[in-house]
Amino acid sequence: MGNKKILVTGGTGFIGSHTVVELQQHGYDVVIIDNLSNSTIEVLDNIAKITGIVPVFEQFDLADADRTTDFLHRHSDISGIIHFAAFKAVGESMEKPLHYYRNNVQSLINLLEGMKNNGITNLVFSSSCTVYGQPDELPVTEKAPIKPAWSPYGNTKQMCEDILKFTTMAHPIHAIALRYFNPIGAHHTSLIGELPLGVPNNLVPFITQTAIGQRSCLSVFGNDYNTPDGTAVRDYIHVVDIAKAHVVAVERMLNGKCKLDLEIFNLGTGIGYSVMDVINAFEKVSGEKLNYKIVPRRPGDVEMVWADTRFANEELGWKAEKNVDEMMLAAWNWEKALAAKKI
Ligand code: UD1
């Protein structure tokens, strides 16, 4: 028997590309679907430089039901699907809500429909800690209540989890939803990493682009939060740790170890770092002085959130291994590698 085949949607994106590498290194055949709306085709070559294997790739939009059906019909030997493909910018989702609902929700429906019709039974879904809003208790467990969404983006993650809940009840499909906290960093080879188009929304790419001279100054959004240094606190996690959790989730499904039709796990380190902690870690590992200024809070930001990781650690047998210094060094090395390519 050949290797098991896994479909990775959004496989040329930030978390997707790192997961493709881990899957290939664990002996899986990987097929990627991506519409390249927020990634580039060169990522495939860079994956191949790391693993020696060029993944099979098709470029199309999963919101296109006919294309998705046709693809799954041709690839009905797929053992499982990891579904990353989605839009993820909170601010943009406020301006273009329908764009977000169509892309994020319709794509999942099309995939599930295709799975049902072709006997594909395993799905890992990219969810987010955004579903918790500002939790009442920290660290936040998977049992914490889902709070009303603050953005269409967050709402699509909640809706997708609901769709999975009822679809897995009605049909012979297993799903694992992984709620990521704040994925950062890059592969240690600096061949793949985060490639934000335009001005980055997220903290770490903004830090590294400022340090490399592409941006003049980082804005720190608020220092009047009720936190030790006044800046907001998040659970930053290395993207390779996140990628490894996906391999564990796939193996759990393929080995028939799932205990519920839909299982949900937090993917975080369990440690909260403030924006200033992240800046300080960056300055320490890079030796660079970062130009930043304090500005008012960003609307929609929660004050603090970090994961209770016990359920994922015990049930999946997975634990995030890398600390914030390693994350920042990897992100910085990646930024420097990108800059070297541009010269
Ligand atoms: C956001 C989403 C999260 C999503 C993630 C994906 C919410 C509430 N959060 O996370 O669901 O999965 O993006 O990309 O929906 N900051 C600055 N200056 C900057 C940028 C950020 O000070 O230029 C601060 C923010 O205020 C925040 C922290 O850095 O306190 C992290 O921000 P960011 O990287 O954008 O991630 P989140 O907003 O936590």
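Details of the structure are given in the entry above.
Here is a short report on the structure shown in this document. This is a predicted model, so every value here is computed, not measured.

Take the overall build of the chain next. Along the backbone of the chain there are eleven helices and 13 strands. On C-alpha atoms alone, the chain measures out to a radius of gyration of 19 Å, which is about the 20 Å that the 2.2 N^0.38 rule sets for 343 residues. Considering only contacts within the chain whose residues lie at least 6 apart along the sequence, 80% involve residues at least 24 apart. Approximately 15100 Å² of the chain is accessible, and the part contributed by carbon and sulfur atoms is 52%. If you average the places of the 31 positive and of the 39 negative side-chain charges in the chain, the two averages end up 1 Å apart.

Moving on to helix α7 (residues 203-212). A large share of α7 lies buried, amounting to nine of its ten residues. Those residues of α7 lying buried are Leu203, Val204, Pro205, Phe206, Ile207, Thr208, Gln209, Thr210 and Ala211. The secondary structure elements touched by the buried residues of α7 are β7 (182-184), β8 (218-221), β10 (236-238), α9 (275-286) and α11 (324-342). Immediately downstream of α7, the backbone of Gly213 shows phi near 100°, a positive value.

This part covers unusual backbone geometry. Glycine aside, the phi torsion of most residues is negative, and most peptide linkages are trans. Note that the residue after Leu138, namely Pro139, is joined by a cis bond; omega there is -5°. Secondary-structure assignment places Pro139 in the loop between β5 (122-128) and α6 (152-170). Positioned with a positive phi, Ser190 is a non-glycine residue whose angle comes to about 60°. Within the secondary structure, Ser190 sits in the loop between β7 and α7. For Ser190, a relative accessible area of 16% gives the class buried.

Per the stated rule, a full pass over the model turns up 17 salt bridges. The partner of Asp136 in a salt bridge is Lys147, and the shortest N-O contact between them spans 3.1 Å. Of this pair, Asp136 sits in the loop between β5 and α6 while Lys147 sits in the loop between β5 and α6, and the two are eleven residues apart along the sequence. The exposure class assigned to Asp136 is exposed, which follows from its relative accessible area of 65%. Classification of Lys147 as partly exposed rests on a relative accessible area of 21%.

In this fold, Glu194 is placed in the loop between β7 and α7. For Glu194, a relative accessible area of 12% corresponds to the buried category.

Below, the discussion takes up the site of the ligand. The environment of the ligand is formed by 19 residues, the closest being Leu203, Ser219, Arg234, Arg298 and Asp301. Contacts to the ligand include Leu203, whose backbone N or O atom sits 2.9 Å from an oxygen atom. Take Phe221: an N or O atom from its main chain is 2.9 Å from an oxygen atom of the ligand. Examining the composition of the shell around the ligand, we find that four residues originate from one element, β8, more than from any other. Each residue belonging to the shell around the ligand can be placed in one class, and the counts come to nine nonpolar, six polar and four charged.

The next point concerns the pairing of β5. By the criterion of burial, β5 is predominantly enclosed, with seven of the seven residues buried. Judged by which residues are buried, β5 turns out to be covered on both faces: Asn122, Val124, Ser126 and Ser128 on one side and Leu123, Phe125 and Ser127 on the other are all buried. Relative to β5, strand β4 (residues 80-83) runs parallel, the two being bridged by three bridges. Within β5, the position partnered with Ile82 by the bridge is Val124. Note: β5 against strand β6 (residues 174-180), seven bridges, orientation parallel. The residue bridging Ser128 from the neighbouring strand is Tyr180, located in β6.

Reading the values: the criteria
- Residues numbered from 1 in each chain as written.
- Predicted model: local features only at pLDDT ≥ 70, side-chain atom pairs only at ≥ 80, totals over all residues.
- Heavy atoms only, no water.
- Helix = DSSP H or I, 4+ residues; strand = E, 2+ residues; numbered from the N terminus.
- Rg over C-alpha atoms; globule rule 2.2 N^0.38 Å.
- Contact = heavy atoms within 4.5 Å.
- Areas by Shrake-Rupley, 256 points an atom, 1.4 Å probe, with all protein chains shown as cover.
- Lys, Arg positive; Asp, Glu negative; His and termini not counted.
- Charge placed at Lys NZ, Arg CZ, Asp CG, Glu CD.
- Buried < 20%, exposed > 50% of the residue type's maximum accessible area, 1.4 Å probe, protein only.
- Salt bridge = Lys/Arg side-chain N within 4 Å of Asp/Glu carboxyl O.
- Near = heavy atom within 4 Å.
- Polar contact = N/O pair within 3.5 Å; in protein donor to acceptor, adjacent residues only side chain to side chain.
- Nonpolar A, V, L, I, M, F, W, Y, C, P; charged D, E, K, R; others polar.
- Pairing = 2+ DSSP bridges.

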